[in-house]
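Report on the structure
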Amino acid sequence: MGRSTTSKDAEALFHSLHSAYASTPTNLKIIDLYIMFAVVTAVIQVVYMAIVGSFPFNSFLSGELSCVGTAVLAVCLRIQVNKENKEFKDLPPERAFADFVLCNLVLHLVIMNFLG
């Protein structure tokens, strides 16, 4: 019996995604890894909270907001640094990174204030 069309379609999809991602610049791949790290850290915190409990709930919320906020800011950085994006073509990558750092600083100051 041959392989089903669904598995062939899935294989073709993964192959096309892999070939498209292979041409992605290295700096965007590094940002993607950072985003994945932030998301995985958020998932680990949720699993830990589900297993152990959420006694200091402000600490749990602060950790989650930190991970999610950092991931969102990293996605914004990736959009601004991407050369194929025509909307930010006049924005130098150094300015985009400075905006990322400044927004992360403000985000984490708010999170530290929320901890109490």
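Read on for a plain summary of the structure. (Residues numbered from 1 in each chain as written. Predicted model: local features only at pLDDT ≥ 70, side-chain atom pairs only at ≥ 80, totals over all residues. Heavy atoms only, no water.)

1. Some points on the packing of aromatic side chains
Rules: Ring geometry is summarised as follows: Phe, Tyr and Trp rings, the Trp one being its six-membered ring, pair when their centres sit within 6.5 Å, and such pairs are stacked at plane angles under 30 degrees, edge-to-face over 60 and tilted between the two. Helix and strand assignments come from DSSP, with helices taken as H or I runs of at least 4 residues and strands as E runs of at least 2, each series counted from the N terminus. Relative accessibility thresholds used throughout: buried, under 20% of the residue-type maximum; exposed, over 50%; partly exposed, between the two (1.4 Å probe, protein chains only).
Applying the stated criterion across every chain, the model contains three aromatic pairs. Measuring from centroid to centroid gives 6.2 Å for Tyr 34 and Phe 100, while their planes differ by 80°, and the two rings are edge-to-face. Taken as a pair, Tyr 34 in helix α2 (residues 26–52) and Phe 100 in helix α4 (residues 93–115) lie far apart in primary sequence, 66 residues in all. Tyr 34 gets classed as partly exposed once you look at its relative accessible area, which sits at 36%. Between Phe 97 and Phe 100 the ring centres are 6.1 Å apart and the planes differ by 35°, which places this aromatic pair in the tilted class. Of the two residues, Phe 97 and Phe 100 both sit in helix α4, three residues apart, roughly one turn of that helix. The buried category is assigned to Phe 100, whose relative accessible area is 12%.

2. A word on the packing of α2 against helix α3 (residues 57–81)
How we decide: Axis lines are fitted through C-alpha atoms, for helices just across the contact stretch, and the angle between N-to-C directions can take any value from 0 to 180 degrees. The cut-offs work like this: below 35 degrees is roughly parallel, past 145 is roughly antiparallel, 65 to 115 is roughly perpendicular, and the gaps in between are oblique. Note: crossing handedness is left-handed where the near helix turns anticlockwise from the far helix by less than a right angle, and right-handed where it turns clockwise. Residue polarity follows a fixed list, in which Ala, Val, Leu, Ile, Met, Phe, Trp, Tyr, Cys and Pro are nonpolar, Asp, Glu, Lys and Arg are charged, and the others, Gly among them, are polar.
Running from N to C, α2 and α3 cross one another at 165°; their axes reach a closest spacing of 9 Å. Of the possible angle classes, the one that applies to α2 and α3 is roughly antiparallel. For α2 against α3, the interelement crossing comes out left-handed. Across the contact of α2 with α3, the residue classes tally to 16 nonpolar, five polar and three charged.

3. Focus: the pattern of salt bridges
Two side chains with opposite charge may pair up if their charged atoms get near one another. Going by this rule: We count a salt bridge whenever a side-chain nitrogen from Lys or Arg sits within 4 Å of a carboxyl oxygen from Asp or Glu.
Enumeration according to the criterion identifies two salt bridges in this entry. Residue Arg 78 is joined to Asp 32 by a salt bridge in which the shortest nitrogen-to-oxygen separation is 2.5 Å. Pair noted here: Arg 78 is in helix α3 and Asp 32 is in helix α2, with a separation of 46 residues, a long-range link. Among the residues examined, Arg 78 registers a relative accessible area of 22% and is labelled partly exposed. Ionic pairing is found between Arg 95 and Asp 99, a salt bridge with its closest N-O pair at 3.6 Å. Placement of the pair is Arg 95 and Asp 99 together in helix α4, with a separation of four residues, close to one helical turn. For Asp 99, a relative accessible area of 25% gives the class partly exposed.

4. So, the packing of α3 against α4
It is the contact of α3 with α4, at a shortest axis distance of 10 Å, that shows an interaxial angle of 170°. Regarding the angle of α3 to α4, the classification is roughly antiparallel. The class makeup of the residues in the contact of α3 with α4 is 14 nonpolar, nine polar and one charged.

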